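Tertiary structure, described
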Amino acid sequence: MANTDTRTIANLLREYAHRTFLRGGNPYRTRAYLRAADSLTALSQPLDRIIAAGALTSIPGIGDAIADIVTKLHQTGTHPSLDKLREEVPAGVMELFAVPGLRPTRY
């Protein structure tokens, strides 16, 4: 499979964050995924190069655990943890995030 583009990976990280939060996960972890997604969208270099150089953790908001997730998302377009969250949190619940003004109380 071709490498996944940066914007798609950022969106997948946001999905990961929302599903983690809805599942009752740690709000700090949710914010970390959202912060990492924002950092990816602001990159000035191609993500391919950053991953090849092993420099993902030099991006603000990306530590070892998130770097592993980003790398797997980049290579395959998915991650086992995200797949599990997709099974646990129905897609219809995720559609609520698209409704303006309708958000969980806090991240």
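Residues numbered from 1 in each chain as written. Predicted model: local features only at pLDDT ≥ 70, side-chain atom pairs only at ≥ 80, totals over all residues. Heavy atoms only, no water.

**Quick look at the overall build of the chain**
Summing up its helical and strand segments, the chain has six helices and zero strands in all. For the chain, the sequential pattern of α-helices and β-strands runs α-α-α-α-α-α. Whereas a compact globule of 107 residues would reach a radius of gyration of roughly 13 Å, the chain reaches 14 Å, a difference of no more than 12%. Once the C-alpha set of the chain is aligned to its principal axes, its extents read approximately 40 × 25 × 25 Å. Taken over 107 residues, the chain has a buried fraction of 36%. In the chain, 63% of the contacts between residues at least 6 apart in sequence involve partners at least 24 apart. (Helix = DSSP H or I, 4+ residues; strand = E, 2+ residues; numbered from the N terminus. Rg over C-alpha atoms; globule rule 2.2 N^0.38 Å. Buried < 20%, exposed > 50% of the residue type's maximum accessible area, 1.4 Å probe, protein only. Contact = heavy atoms within 4.5 Å.)

**Here's the deal with the nonpolar core**
Residues L13, L40, L56, I62 and V70 are the most contacted members of the largest nonpolar core, which totals 25 residues. Where this core is concerned, the elements lending two or more residues are α1 (6–22), α2 (27–41), α3 (47–52), α4 (64–76) and α5 (80–88). Among residues more than four places away in sequence, those in contact with V70 are I9, L13, L40, L47 and L56. (Core = buried A, V, L, I, M, F, W, Y, C linked by side-chain atoms within 4.5 Å.)

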